[in-house]
Amino acid sequence: MACSVREIADWVGARLVGDGSVELRGISSIAQASPGDLVFVEDERHLQSAFLSRASAVIAGEFFRAENSKPVLVCAEPRLAFARAAERLRTKRERKAAIHPSASVDPSAECGAGVSIEERVVIGEGVKIGARTWIGAGSVIGAHAALGEDCELYPQVTVYPGVRLGNRVIAHAGVVLGSDGFGYVRDRTSGRQEKFPQIGRLEIGDDVEIGANSTVDRGALEVTRIGRGTKIDNLVHVGHNVQIGEDVVIAAQTGVSGSVVIDDDVVIGGQVGIGDHVRIEAGAILGSQSGILPKKVVRGPGVVFWGTPARPLREYLRELAVLARMAKRR
Amino acid sequence: MACSVREIADWVGARLVGDGSVELRGISSIAQASPGDLVFVEDERHLQSAFLSRASAVIAGEFFRAENSKPVLVCAEPRLAFARAAERLRTKRERKAAIHPSASVDPSAECGAGVSIEERVVIGEGVKIGARTWIGAGSVIGAHAALGEDCELYPQVTVYPGVRLGNRVIAHAGVVLGSDGFGYVRDRTSGRQEKFPQIGRLEIGDDVEIGANSTVDRGALEVTRIGRGTKIDNLVHVGHNVQIGEDVVIAAQTGVSGSVVIDDDVVIGGQVGIGDHVRIEAGAILGSQSGILPKKVVRGPGVVFWGTPARPLREYLRELAVLARMAKRR
Amino acid sequence: MACSVREIADWVGARLVGDGSVELRGISSIAQASPGDLVFVEDERHLQSAFLSRASAVIAGEFFRAENSKPVLVCAEPRLAFARAAERLRTKRERKAAIHPSASVDPSAECGAGVSIEERVVIGEGVKIGARTWIGAGSVIGAHAALGEDCELYPQVTVYPGVRLGNRVIAHAGVVLGSDGFGYVRDRTSGRQEKFPQIGRLEIGDDVEIGANSTVDRGALEVTRIGRGTKIDNLVHVGHNVQIGEDVVIAAQTGVSGSVVIDDDVVIGGQVGIGDHVRIEAGAILGSQSGILPKKVVRGPGVVFWGTPARPLREYLRELAVLARMAKRR
């Protein structure tokens, strides 16, 4: 939605320098900017290229001094301001508030106002879908699942029966929510693995985003939970009974084993492996590819952990340096 | 299905202490138990909380002594007994023995008695489906594939043409069975990769379970095989020509390269990487995130391997300890 | 398609020894060969078993000397010749040049001649599909995406809006192309993660193949690009803004973080983790499970890198040896 530079400056709380009446229609990188675009600069060195670009306005940090022919929105956090401006200027994808005739919706399902259900979606018995939620083509929502308002489920998502999503949850294509956990009991006589019941639930809080083809298991007997605002990248695995707090960030291909507890504000790199029954305290940071042994407690905040088994980064780097030196000596 | 405590005691082979006529209707964790629920205790310390819970009966280990107002089922393996009782008490999901009208089933396909085919499933030419097998919404079964009896394919599973599944195979949502292996030949003149034929088969034995979004490739010219009773977690990759034995357990996100042989009863942690042409002997255990170099033979049983390249756990731990000590000394 | 040994010899540029009129109908491994099959031998030791097999003809290396009753096609690169012969002899899967009535194709979509669209496919507004491209059952092609000629999309692929594929691109089942990248900005006041815009594009070159359930994100503001001839295995993650060159090979479960640049002819093993803004120079080789720290430049060609953080293989092996020796000494 087009609006003036002044409106955007007010919206993001920036100080406006220059002509506030210029109309903005979108956002862009500096390299690809066209007239009508807003761009942003986090580093003074890139300011000049922003001014030389075809963009109509620039968000810049407090380092901005000399006036320019383009209007400038000055603020402490240019990247954050840009993200918010983008949200404001975003052309909302046209999603018809309608149920496509090729969708198969159980008559007992309840759909809120403005719900958009695309081609070939399957909605099971007793499902509840909050207002304005969008379900992309081919997704399957199991019986008695409950989705909040303003959720976005991309194509081919599978929601197992009984799973509960909060509001504004985003699940990218191919995500699986509520699959059986990996639990077996070995019969020592026969040597065979027998399935332990996986009948628990999965609850996902507001504003959670889950990347393409990630999988989240339901609880075995209890509940798997993902807290408000947590962001999960592509191809991540979350096992049964896991408890993830709020505003946690988990990068691609990380695996979280059963019964792990991750407190608020934890940041986890890509391809990290977390053993079962681990606890990761609030604010901890785990470097990519690190591995946490089962039942460990990882202290937070402030210390970065790395390696397998994970240890404080500084310690790990010292070990690497010692080893490299010794190997060279020979 | 509801039944009496006595029936369950007989079913799981437990010694009954107390009133056998109490009716059970389900299973639960101790924390969430309601009247009618059966719970289990593996550790004497938790016995008291089981008795204080709202559960109607308790499975306990041989440590059980003092009688209680609740009936107790005493046995050597409480967890196994609980899993079996759960199976007995399980409310079978109501799956109509029917083919949903929105499914697309080739007229040449053969479906056994009691088969349940959900919305939008696509069944190709010449497919055979055993009695009572359930195929979840949106799954696609390629031409001439053969599924055994009592299989459960969750939504959005893809079975490539010609793949064969045994009986009671479970494939969770998004599983891909029989995709092309990763095989190319580099033309040294042009530098281009040309596709090596991937025309082999995939055969999966009885009682195999495969977790959400895992992928199993067909053989290149030969057969990829997964043996009876093997359990595979989410997001696991199994390459072409791999031979996996019986009762093998593979945790999430592990990758098995082409032509690997894994013997019976092997246990593999999460995020393990196994190079091509590796052989893992029966009963071997690979710790999470370990890596096996191509063509290696991993000896089993009894030794746990860890690290990359994987070595006996004890050796690896000693190395870690030595390194930590040296790094501290500086 | 059946043809004579002589035709195949000409096709692959091999020297024919023996009866060129023998008819070939397919390819096989030596162990499984039937009359009419062509097999290949890369190593002189296996020549005898090829001759003893039921195959009708043998491709062999220049080591071939003694004549045999079977016709032999002698060439420098038997494996490459076999792959090309396989392509020639391949029974093309019968894919009807038709749009299945259960598919949902937007009237504004443009389909080239001979396009094959299977059951339940969804094609959005303004999509362009090149001649002879095949789209497997259940795939979803977002608005304004453009697919080249002779592409093969297996079942359940999701192509996000606006994604562009070249000619002869193969995407296996469950692949997700063009999903949102993983980009957030933390509001320091609230501690919440806010979504950074992910509105860029994804462009995939000719002859790219992508394995089952792999995911490739669109650019944030710019373009994610995968160059001609690059081959990607199963469950691989490619982040936003990544630039991958031509003829690159990436094995299963590798993760490529945002803004990474991978030059031509790079070979990357399985489960490798590549941090953001890394550059990998042409011809570099990364061993399986290695990890590249953010912003590093990996030199190529000719040096193999291994370990986390990745270092030249020789260096890493020396470190492992030193460590093992020290651990034994105690």
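1. Focus: the overall build of chain A
Consideration 1: The number of helices and strands found in chain A is four helices and 40 strands.
Consideration 2: Seen along its three principal axes, the alpha-carbon backbone of chain A occupies a region of about 80 × 75 × 30 Å.
Consideration 3: Split into buried and exposed, the 330 residues of chain A put 58% on the buried side.
Consideration 4: In chain A, the proportion of contacts linking residues at least 24 apart, taken out of those at least 6 apart, comes to 21%.

2. Remarks on the relation of the copies chain A and chain B
Consideration 1: Superposing chain A onto chain B requires a rotation of 120° together with a translation of 0.0 Å along the rotation axis, leaving an RMSD of 0.1 Å. Within this description, the copies of the chain are treated as partners about a three-fold rotation axis.
Consideration 2: A low fraction, 20%, of the interface residues of chain A reappear at the interface in chain B, so the copies pair through non-equivalent surfaces.

3. Some remarks on the confidence of the model for chain A
Consideration 1: In this model, chain A carries a mean pLDDT of 95, and residues with pLDDT of at least 70 account for 99%.
Consideration 2: Listed scores for the predicted complex are pTM 0.97 and ipTM 0.96.

4. Here we look at the interface of chain A and chain B
Consideration 1: Between chain A and chain B, the contact holds 41 residues from the first and 42 residues from the second.
Consideration 2: Broken down by secondary-structure element, the contributors of at least two residues to the side of chain A that touches chain B are strand S20 (176–179), strand S21 (184–186), strand S22 (193–195) and helix H4 (313–329) of chain A.
Consideration 3: Of all the elements, H4(A) adds the most residues to the side of chain A that touches chain B, at five residues.
Consideration 4: The residue inventory of the side of chain A that touches chain B, partitioned by class, reads twelve nonpolar, 19 polar and ten charged.

5. Comments concerning the domain arrangement of chain A
Consideration 1: By the assigned domains, chain A splits into domain 1 (3–89) and domain 2 (104–314).
Consideration 2: Between domain 1 of chain A and domain 2 of chain A, the C-alpha centre-to-centre distance is 37 Å.

6. Looking at the packing of helix H4 (residues 313–329) of chain B against helix H4 (residues 313–329) of chain C
Consideration 1: Direction vectors running N to C along H4(B) and H4(C) enclose 95°, while the axes themselves pass 9 Å from each other. Classed by the angle they form, the pair H4(B) and H4(C) counts as roughly perpendicular. Touching B:Glu315, B:Arg318, B:Glu319, B:Val322 and B:Leu323 of H4(B) are C:Leu323, C:Ala324, C:Met326 and C:Ala327, all from H4(C).

7. Quick notes on the sheet that holds strand S36 (residues 285–286) of chain B
Residue and element names in this part refer to chain B.
Consideration 1: An order of S10-S13-S16-S19-S24-S27-S30-S33-S36-S39-S40 is seen for the eleven strands of this open sheet, with the pairing classed as mixed. For this open sheet the edge positions go to strand S10 (116–117) and strand S40 (311–312), each flanked by a neighbour on one side alone.
Consideration 2: Alignment of strand S16 (residues 152–153) against strand S19 (residues 170–171), held across two bridges, turns out to be parallel. Residue pairing for S19: Glu152 is matched across the bridge by Ile170.

8. Looking at the relation of the copies chain C and chain A
Consideration 1: In the superposition of chain C on chain A (RMSD 0.1 Å, axial shift 0.0 Å), the rotation amounts to 120°.
Consideration 2: Comparing contact sets, just 20% of the residues at the interface of chain C also lie at the interface in chain A, consistent with a heterologous contact between different surfaces.

9. Concerning the environment of A:Asp217
Residues and elements named next belong to chain A.
Consideration 1: In this structure, Asp217 sits in strand S25 (residues 215–217).
Consideration 2: When the 32 C-beta atoms within 10 Å are taken as the criterion, Asp217 is described as buried.
Consideration 3: Between the C-alpha atoms of Asp217 and Asn241, which are 24 residues apart in sequence, the distance is 8.0 Å.
Consideration 4: If we ignore the near neighbours within four places in the chain, the residues touching Asp217 are Ser179, Asp180, Gly181, Thr224, Val238, Gly239 and His240.

10. Structural notes on the interface of chain C and chain A
Consideration 1: Facing the 41 residues of chain C at the interface are 42 residues of chain A.
Consideration 2: At the level of secondary structure, the elements contributing two or more residues to the side of chain C that touches chain A comprise strand S20 (176–179), strand S21 (184–186), strand S22 (193–195) and H4 of chain C.
Consideration 3: With five residues, H4(C) is the single largest residue contributor to the side of chain C that touches chain A.

11. Points about the sheet that holds strand S34 (residues 273–274) of chain B
All names here are of chain B.
Consideration 1: The parallel open sheet is built from ten strands, whose spatial order is S8-S11-S14-S17-S20-S25-S28-S31-S34-S37. Bordering the open sheet on either side are strand S8 (104–105) and strand S37 (291–292), each of which pairs with just one other strand.
Consideration 2: Examined bridge by bridge, S8 and strand S11 (residues 122–123) share two bridges and lie parallel to one another. Residue Ser104 lies in a different strand from S11, and its bridge partner there is Val122.

12. Comments concerning the pairing of strand S5 (residues 37–41) of chain A
All names here are of chain A.
Consideration 1: For S5, a buried count of five out of five residues is recorded, marking the element as mostly surrounded by other parts of the structure.
Consideration 2: Two elements, strand S4 (residues 26–27) and S5, share two bridges in a ladder whose sense is parallel. Bridging from a neighbouring strand, Ile27 pairs with Leu38 of S5.
Consideration 3: One ladder, built from four bridges, connects S5 with strand S6 (residues 57–60); its direction is parallel. Bridge pairing links Val39 to Val58 in S6.

13. Overview of unusual backbone geometry
Consideration 1: A cis amide bond, omega -5°, links A:Gly300 with the succeeding residue A:Pro301.
Consideration 2: Following the sequence through the fold, A:Pro301 ends up in the loop between strand S38 (297–298) and strand S39 (304–306).
Consideration 3: Positive phi, normally seen in glycine, also occurs at A:Gln156, with a value near 65°.
Consideration 4: Along the chain, the position of A:Gln156 falls in the loop between strand S16 (152–153) and strand S17 (158–159).
Consideration 5: Looking at A:Gln156, the number of C-beta atoms within 10 Å reads 31, which means it is buried.
Consideration 6: Although it is not a glycine, C:Gln271 sits at a positive phi angle of roughly 60°.
Consideration 7: Structurally, C:Gln271 is set in the loop between strand S33 (267–268) and strand S34 (273–274).
Consideration 8: Classification of C:Gln271 as buried rests on a count of 29 C-beta atoms within 10 Å.

14. Some details on the pairing of strand S6 (residues 57–60) of chain B
Residue and element names in this part refer to chain B.
Consideration 1: Here S6 shows a buried face lined by Ala57 and Ile59 and a second buried face lined by Val58 and Ala60.
Consideration 2: Once you follow strand S5 (residues 37–41) into helix H2 (residues 47–52) and on to S6, the crossover reads as right-handed.
Consideration 3: As paired elements, S6 and strand S7 (residues 72–74) share three bridges and run parallel to each other. By the bridge assignment, Ala60 is partnered in S7 with Val74.

15. Points about the nonpolar core
Consideration 1: Core analysis: the largest hydrophobic core is formed by 204 residues, its most contacted members being A:Ala171, A:Leu177, B:Ala171, B:Leu177, C:Ala171 and C:Leu177.
Consideration 2: Among residues more than four places away in sequence, those in contact with A:Leu177 are A:Val159, A:Tyr160, A:Val163, A:Ala171, A:Leu202 and A:Val216.

16. Structural notes on the environment of B:Arg65
Consideration 1: Among the secondary structure elements, B:Arg65 is positioned in the loop between S6 and S7.
Consideration 2: A sequence separation of 40 residues divides B:Arg65 from B:Val105, and the C-alpha atoms of the two residues are 59 Å apart.

17. Description of the environment of A:Asn213
Consideration 1: Within the element layout of this structure, A:Asn213 appears in the loop between strand S24 (209–210) and S25.
Consideration 2: It is 24 Å that separates the C-alpha atoms of A:Asn213 and A:Val105, two residues lying 108 residues apart in sequence.
Consideration 3: Residues within four places of A:Asn213 in sequence aside, it is in contact with A:Gly174, A:Val175, A:Asn234, A:Leu235, B:Gly174, B:Asn213, C:Gly174, C:Val176, C:Asn213 and C:Thr215.

18. Some details on helix H1 (residues 5–12) of chain C
Residues and elements named next belong to chain C.
Consideration 1: Those residues of H1 not exposed but buried are Val5, Ile8, Ala9 and Val12. In a view along the axis of H1, the buried residues occupy a sector of 100°, so they form one face of it.
Consideration 2: Looking one or two places after H1, you find Gly13, whose phi comes out positive at around 70°.

Criteria and thresholds
Residues numbered from 1 in each chain as written. Chains lettered and ligands numbered in written order. Predicted model: local features only at pLDDT ≥ 70, side-chain atom pairs only at ≥ 80, totals over all residues. Helix = DSSP H or I, 4+ residues; strand = E, 2+ residues; numbered from the N terminus. Buried ≥ 20, exposed ≤ 12 C-beta atoms within 10 Å, placed from the backbone. Contact = placed C-beta atoms within 7 Å. Least-squares fit on C-alpha atoms with pLDDT ≥ 70 in both. pLDDT = per-residue confidence, 0-100. Nonpolar A, V, L, I, M, F, W, Y, C, P; charged D, E, K, R; others polar. Domains from an automatic or database assignment. Axes fitted to C-alpha atoms, helices over the stretch in contact; angles between N-to-C directions. Parallel < 35°, antiparallel > 145°, perpendicular 65-115°, else oblique. Pairing = 2+ DSSP bridges. Right-handed = clockwise from strand over helix to strand, strands pointing away. Core = buried A, V, L, I, M, F, W, Y, C linked by C-beta atoms within 7 Å. Arc of directions from axis to C-beta.

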